[in-house]
Amino acid sequence: EAGVVQSPRYKIIEKKQPVAFWCNPISGHNTLYWYRQNLGQGPELLIRYENEEAVDDSQLPKDRFSAERLKGVDSTLKIQPAELGDSAVYLCASSLDSQREGQGNEQFFGPGTRLTVL
Amino acid sequence: AQTVTQSQPEMSVQEAETVTLSCTYDTSESDYYLFWYKQPPSRQMILVIRQEAYKQQNATENRFSVNFQKAAKSFSLKISDSQLGDAAMYFCAYRRGIIQGAQKLVFGQGTRLTINP
């Protein structure tokens, strides 16, 4: 079974430029998460989707960040314009059903996209 | 808000020996899950072990086991017979129970584990 796929793996951009990250979750997983991991820290949730609906985006800086999950499958996370402080690893994760007890709500992570803003 | 603290930024152990990584957390909830994730240089988070708060028995997965002290809000990871492939960043994480509705993982700062051959 294929895992969570993310692209690109690395991205280097100049500040004020736009950038987009793509995530393909595990087939059949209803819940999708975007986390940001700053250097030397643990990941922090940016947004969570239940199918197509964004149900927790309280940590998403909405002035420059946007996300979408069309048809409840793939998702894109966009930053426009990027700032120096946005340099981080952006991790996507998915789970079968976040409302299910036990292993059904286990989150599986992708390899992440390392963003460097110059 | 829930917080997770890992007080050991780095740890090292000789190959084949045992090492324990520490984690404490703060919550007022009674229903929650605790996890240890491993993050190798490839960056992919890999679940090592999970513990449901309502279970008194400590979770074990092969060479990995936890010491879950609910009253003390402590959740340490013991790695027995350490192998070179265990070298990675290890993150302790907390998640509220299903009833509370919030499904995000709250991570600690991580512990970098080095295995000496």
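In the block above lies the structure referred to throughout.
To start, this report covers the structure provided alongside it. Here, residues in each chain are numbered from 1, in the same order as that chain's written sequence. Chains and ligands are labelled sequentially in the order written, the chains with letters from A and the ligands with numbers from 1. Only residues with pLDDT of at least 70 get local features here, since the model is predicted, and only at 80 or more are side-chain atom pairs given and counted; chain-wide, interface and lining totals rely on the full set of residues. To obtain the side-chain values, all non-hydrogen atoms of the structure were included, while hydrogens and water were left out.

**Considering the interface of chain B and chain A**
Here is step 1 of the chain: Any two residues having at least one pair of non-hydrogen atoms within 4.5 Å are treated as being in contact. Between chain B and chain A, the residue contacts involve 19 residues of the former and 28 residues of the latter.
Here is step 2 of the chain: Buried area between chain B and chain A, summed over both chains or domains, comes out near 2,000 Å², and the portion from carbon and sulfur atoms is 46%.
Here is step 3 of the chain: If you sort the residues of chain B by the area they bury against chain A, B:R43, B:I98 and B:Q103 come out on top, with a joint share of 33%.
Here is step 4 of the chain: Throughout this description, the term salt bridge denotes a Lys or Arg side-chain nitrogen within 4 Å of a carboxyl oxygen of Asp or Glu. Here chain B is connected to chain A by 0 salt bridges.
Here is step 5 of the chain: A 3.5 Å cut-off defines polar contacts: any pair of N or O atoms within that distance qualifies, except that in protein one atom must be a possible hydrogen donor and the other a possible acceptor, and neighbouring residues in sequence count only when both atoms are side-chain atoms. Inspection of the region where chain B meets chain A yields 7 residue pairs in polar contact (both at pLDDT 80 or more).
Here is step 6 of the chain: Put simply, DSSP H or I for four residues or longer makes a helix, DSSP E for two residues or longer makes a strand, and each gets a number counted from the N terminus. Among the secondary structure elements, those contributing two or more residues to the side of chain B that touches chain A are β5 (32-39), β6 (46-52) and β10 (88-96) of chain B.
Here is step 7 of the chain: In terms of residues, the side of chain B that touches chain A owes the most to one element, β5(B), which gives 3 residues. Once two parts are put together, the accessible area they lose, assessed with a 1.4 Å probe and summed over both, is termed the buried area.

**Quick look at the sheet that holds strand β7 (residues 65-68) of chain A**
Residues and elements named next belong to chain A.
Here is step 1 of the chain: Pairing between strands is defined by DSSP: at least two bridges between the two strands are required. The 4 strands lie next to each other as β1-β3-β8-β7, forming an open sheet whose pairing is antiparallel. A single partner strand is all that each edge strand has here, and the edge strands are β1 (5-7) and β7. Direction aside, neighbouring strands of the sheet carry axes that sit 15 degrees apart on average. Between N-to-C directions, angles cover 0 to 180 degrees, with each direction set by a line fitted to C-alpha atoms, over the stretch in contact for helices.

**Details of the packing of aromatic side chains**
The description of two aromatic rings rests on the distance between their centres and on the angle between their planes.
Here is step 1 of the chain: Ring pairs shown here join Phe, Tyr and Trp side chains whose ring centres sit within 6.5 Å, with only the six-membered ring taken for Trp; geometry is labelled stacked below 30 degrees between planes, edge-to-face above 60, and tilted in between. Under the defined criterion, the tally for this structure stands at 15 aromatic pairs over all chains.
Here is step 2 of the chain: Aromatic side chains A:F109 and B:F107 sit 6.3 Å apart centroid to centroid with 75 degrees between the ring planes, which places their arrangement in the edge-to-face category. Of this pair, A:F109 sits in strand β10 (residues 108-109) while B:F107 sits in strand β11 (residues 106-107), on two different chains. In terms of burial, A:F109 and B:F107 fall into one category: buried.
Here is step 3 of the chain: Arranged with centres 6.3 Å apart and planes meeting at 25 degrees, the rings of B:Y33 and B:F35 form a pair that is stacked. Neither B:Y33 nor B:F35 differs from the other in exposure class; each is buried.
Here is step 4 of the chain: Following the ring pairs from residue to residue traces out a cluster consisting of A:Y33, A:Y35, A:F109, B:Y33, B:F35, B:Y37, B:F91 and B:F107.
Here is step 5 of the chain: Either the NZ atom of lysine or the CZ atom of arginine qualifies as a charge over a ring when it sits within 6 Å of the ring centre and within 35 degrees of the ring normal. Above the face of the A:Y10 ring, B:R43 is positioned so that its terminal group lies 5.0 Å from the ring centre. Three labels apply to residues, based on accessible area from a 1.4 Å probe with only protein chains included: buried if under 20% of the type maximum, exposed if over 50%, partly exposed otherwise in between.

**Comments concerning the pattern of salt bridges**
Pairing between side chains of opposite charge can happen when their charged atoms approach one another.
Here is step 1 of the chain: Applying the stated criterion to the full structure yields 10 salt bridges over all chains.
Here is step 2 of the chain: Between A:D86 and A:R36 there is a salt bridge whose closest N-O contact spans 4.0 Å. Linking A:D86 in the loop between β8 (75-79) and β9 (88-95) with A:R36 in strand β4 (residues 31-37), this pair joins segments that are 50 residues apart in sequence. Like A:D86, the residue A:R36 is buried in the burial classification.
Here is step 3 of the chain: Between B:R96 and B:E29 there is a salt bridge, with its nearest N and O atoms 3.1 Å apart. Within this pair, whereas B:R96 is found in strand β10, its partner B:E29 is found in the loop between β4 (24-26) and β5, the two being separated by 67 residues in sequence.

**Observations regarding the side chain of A:T31**
Here is step 1 of the chain: With respect to the helices and strands, the residue A:T31 is situated in strand β4.
Here is step 2 of the chain: For A:T31, the side chain forms a polar contact with the side chain of A:E50, separated by 2.8 Å.

Nothing here speaks to function; it is geometry throughout.
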